[in-house]
Amino acid sequence: MERRQRRDPSVWLTYLALGAGSVLVAFPFFWMLSSSLKPMAEIFDVRLLPAQPTLENFAEVLTRTRFPRWFANSLIVAVITTASVAFFDALVGYTLAKLRFPGRDAIFVVILATLMIPTEMLVIPWYIMSSANGWIDTYWGIMFPGLITAFGIFLIRQFMTGIPDELLDAGRIDGVSEFGLFWRIALPQVRPAMAALCIFTFLGNWNAFLWPMIVIQTPDMRTLPVGIALFSGEAGSAWNLIMASSSLAIAPVLLVFIVLQRQIIEGIVLTGLRS
Amino acid sequence: MAAAARPAGRPRLELRIGQQRTLWAYLFLLVPLLFFALIRILPALSSLYISLHEWNVISPVRPFVGLDNFRTLAADPKFAKAALNTVRYVAVGIPAQIAIGLALALMLQRINRFRGLFRALYFMPFITPIVAASWVWQWMYSQHLGPLNHLLLSVGLPAQPFLRSPGQALYAVVAMIVWQYVGFQTVIFLAGLESIPRVYYEAAEVDGAKGWRLFRNITLPLLNPTMVFSVVYSTIVYLQLFTQVLNMTFQDQGGPLASTLTLVLYVYHLGFQRFRMGEAAAATAVLFAVILVITLLQMRVLSKPVDY
């Protein structure tokens, strides 16, 4: 197989095509980084690499804007939301898969049906609700819509169904509490699915834009995407600064991706095909 | 012997354990059920309720107006434009994304070395924060000094207005979205291709089938479930386009002559800049109906069973 491939010229063409394609795909990243290292005077010279690379743009973004604060806001929102989603989605997924009680199937169908409701339909009532309760411009206001997800429940339930009942019954005989059965016995069995759910919830919240844009009113409460959008909108043609702030937003995500790329891509397949 | 004492006590004990477990189950579900009732179902109903009222945030009087908001939408050329644009996004973006994704997956399947590296590279845009990526693309499309126009000029072609042109802006946005989703599409197709049993190909090769015929008669039909998933998933994504459009045409949200305007951006302007909540809610109800119908329709059209 290996030898046959080596002689086949079409394999080389395949490599060539894939290589050309990846240059295209990677170019925006390269252009962003290169532009972010150019001094203002050079930004409109269309040159691939800066003649006199500088870190000034990064210094300016970090000191002139509230970038560190926005970064912290995004981190707080994404971490708390992910923890909540992981706990509640797993608990509900377990309960619907492994406990028998009246109304179970009806509850599952209702939760699943909520997947059909697009977020856009909910933002207006959420906004009215948030104004009435003083949630506008608070962390709670940014986070509350995403604290539990129907998709995660569906995903974890699928995996929990595969856990043998005998395992849980053995735990019951040993006197493990009902919560302990979930926490100590069932949960460790679905670790890969939980990892995938956590990664995607985190990324989803880190990138979330529509609802944060609506609920956030003051510069200090902005999450990173909202901060970048409004800062870039005000920066005019200071593309060196806009690209520096974009680089700062993209870099941590790319670093995590490089470290976890296999788990992330396999998680996509795992979750994508289950749904 | 000991069993003699059981018949009376046993059912009661089991009943108690059963009841106890039921109680635990309801306790576990208490907070999540409240959440789904208050944060999902009630707001969805309330959105439909708002769509039937004249609902201005400032005015406390919110009279029932029946289907008036829907009539106003139907008469609004901007709404029609947003709907038409959405059809364009779907019609151009999804075939492009699926064709390129499938081609990449087939190519990746043929190679032995660097497969993981290429896969990761193509996947990168999918996890990149959309807002930041949108601004990078806006910069690349820049009319006079962006790298794309520089490239065009250097090979002797005229510079293009891209995002500044009513005729080109939508396609410029589509290119960015395809860039963003193509790696995801590739990964999904790779998984689909791997699930096709090799024996089918071996059997067909024994029968003398090659290249295109293998693809046409085995790969494509057996990829059908993957296709269905991809088309449904991406249609729903495309119907809800917002972030890319708002950020790529930030100064002129919705593009020149509303040429990139999407339904969700339309809702955002109506509801949160002009505070006409009733009409905005009506527009989201239309979006909901469209998503519902398309999902059901696509499932039926595309999930025809594969016969051999």
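Just so it is clear, the structure is predicted and the values come from calculations on it, not from any experiment. (Residues numbered from 1 in each chain as written. Chains lettered and ligands numbered in written order. Predicted model: local features only at pLDDT ≥ 70, side-chain atom pairs only at ≥ 80, totals over all residues.)

(A) Geometry of the overall build of chain A. Regarding its fold elements, chain A presents 14 helices and 0 strands. Whereas a compact globule of 275 residues would reach a radius of gyration of roughly 19 Å, chain A reaches 24 Å, over 25% beyond that. Expressed as lengths along the three principal axes of its C-alpha atoms, the size of chain A is roughly 75 × 70 × 35 Å. Burial status across chain A gives 42% buried among its 275 residues. (Helix = DSSP H or I, 4+ residues; strand = E, 2+ residues; numbered from the N terminus. Rg over C-alpha atoms; globule rule 2.2 N^0.38 Å. Buried ≥ 20, exposed ≤ 12 C-beta atoms within 10 Å, placed from the backbone.)

(B) Main features of the overall build of chain B. When its secondary structure is counted, chain B shows 13 helices and 0 strands. Listing the helices and strands of chain B from first to last along the sequence gives α-α-α-α-α-α-α-α-α-α-α-α-α. Against the globule reference of 19 Å for 308 residues, chain B gives a C-alpha radius of gyration of 27 Å, more extended than a compact globule. For chain B, the spread of C-alpha atoms along the three principal axes comes to 100 × 75 × 35 Å. Here chain B holds 308 residues, and the buried ones make up 41% of them.

(C) Region of interest: the confidence of the model for chain A. The share of residues in chain A with pLDDT of 70 or more is 96%, and the mean pLDDT across the chain is 90. The weakest mean pLDDT in chain A belongs to helix H1 (residues 2-7) of chain A at 51; the strongest belongs to helix H7 (residues 139-143) of chain A at 97. (pLDDT = per-residue confidence, 0-100.)

(D) Here's a closer look at the environment of Ile185(A). On the secondary structure map, Ile185(A) appears in helix H10 (residues 178-186). Setting aside chain neighbours within four positions, we find Ile185(A) in contact with Leu167(A), Leu168(A), Gly171(A) and Val176(A). (Contact = placed C-beta atoms within 7 Å.)

(E) Fine view of the packing of helix H9 (residues 165-173) of chain A against H10(A). Residue and element names in this part refer to chain A. The contact between H9 and H10 brings their axes to 10 Å, and the two run at 125°. As the angle between them shows, H9 and H10 are arranged oblique. The two elements H9 and H10 meet at a crossing, and its hand is right-handed. Within the contact between the two elements, H9 uses Leu167, Leu168, Gly171 and Arg172 and H10 uses Leu181, Ile185 and Ala186. Grouping the constituent residues of the contact of H9 with H10 by class yields 5 nonpolar, 1 polar and 1 charged. (Axes fitted to C-alpha atoms, helices over the stretch in contact; angles between N-to-C directions. Parallel < 35°, antiparallel > 145°, perpendicular 65-115°, else oblique. Left-handed = near helix turned anticlockwise from the far one by under 90°. Nonpolar A, V, L, I, M, F, W, Y, C, P; charged D, E, K, R; others polar.)

(F) Spotlight on the packing of helix H7 (residues 169-194) of chain B against helix H10 (residues 224-239) of chain B. Residue and element names in this part refer to chain B. Between H7 and H10, the shortest axis-to-axis distance is 10 Å and the interhelical angle comes to 160°. When the interaxial angle is binned, H7 and H10 end up roughly antiparallel. H10 is crossed by H7, and the crossing has right-handed handedness. Together, Tyr181, Gln185, Ile188, Phe189 and Gly192 of H7 and Thr226, Phe229, Ser230 and Ser234 of H10 make up the contact between the two elements.

(G) Focus on helix H8 (residues 198-206) of chain B. Counting buried residues along H8(B), only 0 of its 9 residues qualify, which leaves the element largely exposed. Count one or two residues on from H8(B) and you reach Gly208(B), which has phi positive near 95°.

(H) Main features of the environment of Val232(B). Among the secondary structure elements, Val232(B) is positioned in helix H10. For the pair Val232(B) and Asn85(B), spaced 147 residues apart in the sequence, the C-alpha separation amounts to 18 Å.

(I) Geometry of the interface of chain A and chain B. Contact residues are listed per partner, giving 68 residues for chain A and 70 residues for chain B. Per element, the largest residue contribution to the side of chain A that touches chain B is 16 residues, and it comes from helix H14 (residues 239-274) of chain A.

(J) Structural view of the nonpolar core. Ranked by size, the top nonpolar core spans 159 residues in total, and within it Ile156(A), Val136(B), Val173(B), Tyr266(B) and Ala283(B) carry the most contacts. No other element matches H7(B), which puts 16 residues into this core. Beyond its immediate chain neighbours, meaning those up to four positions away, Ala283(B) contacts Leu73(B), Phe79(B), Leu263(B), Tyr266(B), Val267(B) and Leu270(B). (Core = buried A, V, L, I, M, F, W, Y, C linked by C-beta atoms within 7 Å.)

(K) Looking closely at unusual backbone geometry. Its identity is not glycine, yet Phe114(B) carries a phi of approximately 65°, on the positive side. For Phe114(B), the position within the fold is in the loop between helix H3 (77-110) and helix H4 (115-127).

(L) Here's a closer look at the environment of Val155(B). All names here are of chain B. Inspection of the secondary structure puts Val155 in the loop between helix H6 (147-154) and H7. Assessed through the 6 C-beta atoms surrounding it within 10 Å, Val155 is described here as exposed. Along the sequence, Val155 and Leu265 sit 110 residues apart, while their C-alpha atoms lie 37 Å from each other.

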